[in-house]
Amino acid sequence: MTKPRYRCLRGYTIDPGFSTRLDTMVINESIYKIKWEDLEPGPIGEYLEIIDFDPVNYCFYEPVDLDSKEILGMSGLAPSEGDAQFHQQFVYAVIMQTIENFEKALGRKIIWRSNLVWKNGKADEAQEYVQKLRVYPHAMMDSNAFYTSEKVALLFGYFQAANKIEGSNFPGGAVFTCLSPDIVAHETTHAILDSMYPRYMENTNPDVPAFHEAFADIVALLQRFSNTKLLEHQIEQTRGRLDEYSIMGELATQFGQALETGRGALRSAIGEYDKKTGKWKKINPNPAAYQNAMEAHDRGAILVATVFEAFMRLYNFRVQDLLRIATQGSGILPQGSIHPDLVKRLATEASDISSHLLSICIRALDYCPPIDITFGDYLQALITADTDLSPEDNNGYRVALIDSFRAWGIFPQRVKTLSVYSLRWFPPQLTAKEDLAMSLMAAHIKDDIREISRLTNRELIAAKYKVLQKKLHTILDKPITTLDKKWKSSKLKQKDWDGFLKNIGVVKNIKPYSIPYSDGILRFSANPKLEVHNVKHAFRKGREDQQLEQVIISLTQTHRVESGEYRGFKFRSGCTIIINILNDVMNVEYIILKRFDKDVRLIKQADYQLGIGASMTMPISSYDDPRKSINLNFQNLHAH
Ligand SMILES: [Zn+2]
C-alpha cells in the first residue's frame, strides 16, 4: 500500500493566548501539513526524538502515538494547553515544518552537528554522528527555551505568567514555550545554523551572536508570514489601512510579544504602539543604530528589522496594482469591509513574498564565511546567492534588500557603493598555476560527490562526508604524495600549491613569532591546525526555475595567540568554497575568504575578546562566566 504524502496535524497558528481573544480565536487553529514519515510514539522520527521528561514534576508524560488510527483520523490531537501529548505533537509539527523549509531552500538534507567525544579532557577528532535532535518540551520551570550544542538538543521551559497583563497572557496562567510556533522555529534554527557553521558559536565580533539571534528570528517571522489564513484574517480585520504598514506590523508586534521571554528588543525594532493613539507605528530605519548597538539582541534586532523592511517594501510594491484595480485607480480604499476576493489576493501576495524571502535568506547561508561572520558578509551572501539562482529578479527582491540594508546603515567593509554588482562576491583571482592546483583539488573529490548525490540515507551521507573531509584534508596537506602521477604531469611546484592555499586562507610552515600589540605583544604558535569542517552537495531551484548543482566546502585554520599580560585566544582564518557542477565539470565559482592577516581583523578580535578597545569590548552581561564567554551559550543569552 502506498503511504500518504503528508501528515496533517492540528496546531496553533500563533501563541495559545490568541485563542482566548475574540478577534483571533477563529484563526488560531491551523493544520500543519508535514511530509509523511512513519513515527514511533514520542513522536520519534527520522530527524527528531521528543523526550517528554519533566524534571519539575519528576515524571515522564506518556508519549503520543501519532500513527494510531484514532489520532490519524482526526488530523492529530486538538490544540489544548493542558494536554502534554498535544504539546509533543505540536513541537514535532513546527520543528519538521522548519526543517522542510531549510531543506527546500538549501537543496539537501539537514544533518545535525556531531556530538563531541571527550578523551582525557580534550575533544576527540572522531565525532559521533547524531541521527536525531533531542527535544524536551517540558525541560524546566523557566521562562526560557534554548538549543544546546553540547547535547544537540532543544529544551523548552514553562512558567507561570507574570502578574502583569502583557498582551494576551493571563496573569498567573501557565505559559508553555513549546506551544509558541515562533519560539519553536527560533530554537530549531539555532540547531540548523550550528550544524552548518559550528564556529559561529565563537563570539569573535559583535555581529556573530547577534547574527545567530537575528537569523533565528527572521526564520520564525517569515514562517509566520507564509501562513495565508492568518494573513487573510489580519488583512480583513484591518481593512482600510492596507497602505499604512499596519497588518504586517501588528503581526510582527504580536510576534515580538510572543518572544517576550528574554527577547524584548525585537518588538521595538520593528514597530510599537503609540501610547496616546493606541495605533501601531512602524519604526523608521535608523542608520546610526548599527554603530551603537553592541548587545546581541539589540544588534540582532537591527538585522531582523532590515529583513522586515525589505518585506514591507516588496509587499507595498507588489499590491499597488491590486489596490488601483480595487479603487478605480485612486489607490485609496473606501470605508467599510474590503472585498473578500481582494483580501485573498493580498494575502496570497504577502505569503508568496514571505516564502521567497525565507528561501533567499536561508540559501544565503551557504555563501557565508565559516567563521567571524558580519552583517555585511551576510548582505553580500544574500545578493550573490540570489543572483546565481534567480538571475532576472523581475520582482525586485534584491533591490528591496539592498535598499533596506542601506536604510539601516549596514555596509560590508570593502564595498563602497551598494549595488547588485558591487555586492556580489567576486570569482577567485588566481594565477594560472594556482587555478590548476584548485582544479586538481576539485577533481580529486568529484567521484565521491557523484556517489553522495545519489544517496538518500542521512547516516550514509554523513559518513561519506566525513571520508571526504579527510580526503580533502590530506590533499591540502600533502598534494605531492596524494596526487602522485597527476602531480607529476601537472608540473606544479609546492610553492604554487602554497600560493593556492593562501587564497583559501591557509598558511603553511609558520614558525613561532610575535607582533607588538597595545602595551604588550601577541605571540603566535607554530604550525596552525587545519580543519575541513563541511563538504556538502546541494541541488537547488530558484524562483525562475533555474537549477544549480553545487558543492560547498568550508575549512578553517586555527592560530593560537598568546598575550603577555592578557589571556590567549584563537584566531581563525579560512573560507567557504562554492563549486558549481555543470555538464559534469566542477568549476570553483567563489572563495569566500577570511584571510589570515596580522592587522585589521586580528587586532579587532584581540581588542574585542581581550577587552581592550572600550567600544568594541565583548559585552559579558549575558554570560555567567566571562572567561567562558568566547563560546555562545543560548541558555544565558535567551535569559538575558
Ligand atoms: Zn536565540
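Residues numbered from 1 in each chain as written. Predicted model: local features only at pLDDT ≥ 70, side-chain atom pairs only at ≥ 80, totals over all residues. Heavy atoms only, no water.

Novice: Quick rundown of the overall build of the protein chain? Include the residues and the values.
Specialist: The number of helices and strands found in the protein chain is 22 helices and 19 strands. Here the contacts in the protein chain between residues at least 6 apart in sequence split such that 66% fall between residues at least 24 apart. Counting only carbon and sulfur atoms, one obtains 52% of the accessible surface of the protein chain, whose full area is about 27800 Å². (Helix = DSSP H or I, 4+ residues; strand = E, 2+ residues; numbered from the N terminus. Contact = heavy atoms within 4.5 Å. Areas by Shrake-Rupley, 256 points an atom, 1.4 Å probe, with all protein chains shown as cover.)

Novice: Give a description of the layout of surface pockets that names residues and reports values.
Specialist: Any space left empty among the atoms is revealed by the rolling of a water-sized probe across them. The computed volume of the second largest pocket comes to approximately 1200 Å³. The wall of the second largest pocket is formed by 42 residues, among which Asp377, Gln413, Arg414, Leu593 and Lys594 lie closest to the centre. Listing elements by their share of the lining of the second largest pocket, those giving two or more residues are helix 9 (289-292), helix 12 (375-389), strand 19 (585-594) and helix 21 (600-610). With five residues, the single largest contributor to the lining of the second largest pocket is helix 21. Residues belonging to the lining of the second largest pocket are distributed by class as follows: 17 nonpolar, 13 polar and 12 charged. (1 Å grid on protein atoms, 1.4 Å probe; cavity = no way out; pocket = protein on both sides within 12 Å on 5 of 7 lines; lining within 4 Å. Points joined across faces, edges and corners; volume = space filled by probe spheres on them. Nonpolar A, V, L, I, M, F, W, Y, C, P; charged D, E, K, R; others polar.)

Novice: Would you mind going over the pattern of salt bridges in detail, with residue names and values included?
Specialist: A full pass over the atoms with the stated rule returns 31 salt bridges. Residue Glu202 is joined to Arg572 by a salt bridge in which the shortest nitrogen-to-oxygen separation is 2.5 Å. Residue Glu202 is found in the loop between helix 4 (181-196) and helix 5 (207-225), and its partner Arg572 is found in strand 18 (residues 569-582); the two are separated by 370 residues along the sequence. Glu202 sits in the buried class, given a relative accessible area of 11%. Owing to a relative accessible area of 6%, Arg572 belongs among the buried residues under this scheme. Between Asp352 and Arg318 there is a salt bridge, and its shortest N-O distance comes to 2.9 Å. (Salt bridge = Lys/Arg side-chain N within 4 Å of Asp/Glu carboxyl O. Buried < 20%, exposed > 50% of the residue type's maximum accessible area, 1.4 Å probe, protein only.)

Novice: Any details on the nonpolar core? Residues and values, ideally.
Specialist: Counting 130 residues, the largest nonpolar core has Leu48, Trp112, Phe211, Phe215 and Tyr378 as the members making the most contacts within it. Ranked by residue count, the leading element in this core is helix 10 (residues 296-326), at 15 residues. In this structure Tyr378 touches Phe211, Phe215, Leu303, Cys361, Ala364, Leu365, Cys368 and Ile373, once residues within four positions along its chain are discounted. The next biggest cluster of nonpolar side chains, apart from the first, holds 37 residues, and it includes Ile111, Met438, Leu483 and Trp487. (Core = buried A, V, L, I, M, F, W, Y, C linked by side-chain atoms within 4.5 Å.)

Novice: How would you sum up empty space enclosed by the protein? Please name residues and give values.
Specialist: Taken as a whole and assessed by the stated rule, the structure comprises five cavities of 30 Å³ or more. Its volume calculated, the largest cavity comes out at about 140 Å³. As for the largest cavity, its lining consists of 14 residues, and the residues nearest its centre are Arg108, Met196, Asp366, Asn534 and Lys536. Every element with two or more residues in the lining of the largest cavity is listed here: helix 4, strand 16 (529-541) and strand 17 (547-563). Across the lining of the largest cavity, the residue classes tally to six nonpolar, four polar and four charged.

Novice: So what's going on with helix 5? Which residues, and what values?
Specialist: For helix 5, spanning 19 residues, the distance from its first C-alpha to its last is 25 Å, which sits close to the expected 27 Å at 1.5 Å a residue. Of all the 19 residues making up helix 5, 19 are buried; the element is thus mostly covered by neighbouring parts of the structure. (Expected span 1.5 Å × (residues − 1).)

Novice: Describe the environment of Gly300, with residues and values.
Specialist: Summarising the element assignment, Gly300 is placed in helix 10. Separated by 84 residues in the primary sequence, Gly300 and Ala216 have C-alpha atoms spaced 9.7 Å apart. Aside from chain neighbours lying at most four places away, what touches Gly300 is Ala210, Ala214 and Phe375.

Novice: Go over the confidence of the model for the protein chain, please, and point to the residues and values.
Specialist: Per-chain confidence: the protein chain averages 83 in pLDDT, with 86% of residues scoring 70 or above. Helix 8 (residues 265-270) is the least confidently modelled element of the protein chain, averaging 55 in pLDDT, while strand 3 (residues 48-50) averages 97, the highest of any element. Long-range and interchain partners of residues 260-265, a stretch whose pLDDT sits below 50, account for 18 contacts in this model, where long-range means more than four residues apart. (pLDDT = per-residue confidence, 0-100.)

Novice: Any chance you could break down the environment of Ile360 for me, citing the residues and the numbers?
Specialist: For Ile360, the position within the fold is in helix 11 (residues 340-363). Owing to a relative accessible area of 2%, Ile360 belongs among the buried residues under this scheme. Distance in space between the C-alpha atoms of Ile360 and Ile383 is 8.9 Å, their sequence separation being 23 residues.

Novice: Account for the packing of aromatic side chains, with residues named and values stated.
Specialist: Overall, the coordinates contain 24 aromatic pairs when judged by the stated rule. Seen from their ring centres, Tyr367 and Tyr590 are 5.8 Å apart, and the 55° between their planes marks the pair as tilted. Of this pair, Tyr367 sits in the loop between helix 11 and helix 12 while Tyr590 sits in strand 19; the two residues are 223 residues apart in sequence, bridging distant segments of the chain. Per residue, the accessibility class of Tyr367 equals that of Tyr590, and both read buried. Pairing Phe571 with Phe596 gives two aromatic rings, centres 6.2 Å apart and planes at 55°, and the pair type is tilted. (Phe/Tyr/Trp six-rings, centres within 6.5 Å; stacked < 30°, edge-to-face > 60°.)

Novice: Residues and numbers for a positive patch on the surface, please.
Specialist: Together, Arg5, Lys33, Lys35 and Lys109 line one region of the surface with positive charge. Assignment of secondary structure puts Lys109 in the loop between helix 3 (84-106) and strand 6 (115-119). Of the residues examined, Lys109 reaches a relative accessible area of 33% and is grouped as partly exposed. (Patch = residues over 30% accessible without salt bridge, like charges linked within 9 Å, V, L, I, M, F, W, Y side chains within 5 Å. Lys, Arg positive; Asp, Glu negative; His and termini not counted. Charge placed at Lys NZ, Arg CZ, Asp CG, Glu CD.)

Novice: Quick rundown of the pairing of strand 16? Include the residues and the values.
Specialist: Of all 13 residues in strand 16, 10 are buried, a share of seventy percent or more. Across 12 bridges, the pairing between strand 16 and strand 17 is antiparallel. Pairing of Lys529 across the sheet is with Thr558, part of strand 17. (Pairing = 2+ DSSP bridges.)

Novice: So what about the packing of helix 3 against helix 11? Which residues, and what values?
Specialist: Closest axis-to-axis distance for the helix 3/helix 11 pair is 9 Å, and the angle between their directions is 70°. Accordingly, the angle class assigned to the pair helix 3 and helix 11 is roughly perpendicular. Between helix 3 and helix 11, the residues in contact are Asn101, Phe102, Ala105 and Leu106 and Leu358, Ser359, Ile362 and Arg363, respectively. Split into classes, the residues belonging to the contact of helix 3 with helix 11 amount to five nonpolar, two polar and one charged. (Axes fitted to C-alpha atoms, helices over the stretch in contact; angles between N-to-C directions. Parallel < 35°, antiparallel > 145°, perpendicular 65-115°, else oblique.)

Novice: An account of unusual backbone geometry is needed here, citing residue identities and associated values.
Specialist: Most peptide bonds are trans, and most residues other than glycine sit at a negative phi. Gly42 connects to Pro43 through a cis peptide bond whose omega is -10°. Among the structural elements, Pro43 can be located in the loop between strand 2 (29-35) and strand 3. At Val152, a residue that is not glycine, the phi angle is positive and equals roughly 45°. Position of Val152 among the secondary structure elements: in the loop between strand 9 (145-148) and strand 10 (153-160). For Asp484, which is not a glycine, the phi torsion comes out positive at approximately 50°. Mapped onto the secondary structure, Asp484 falls in the loop between helix 18 (479-483) and helix 19 (485-490).

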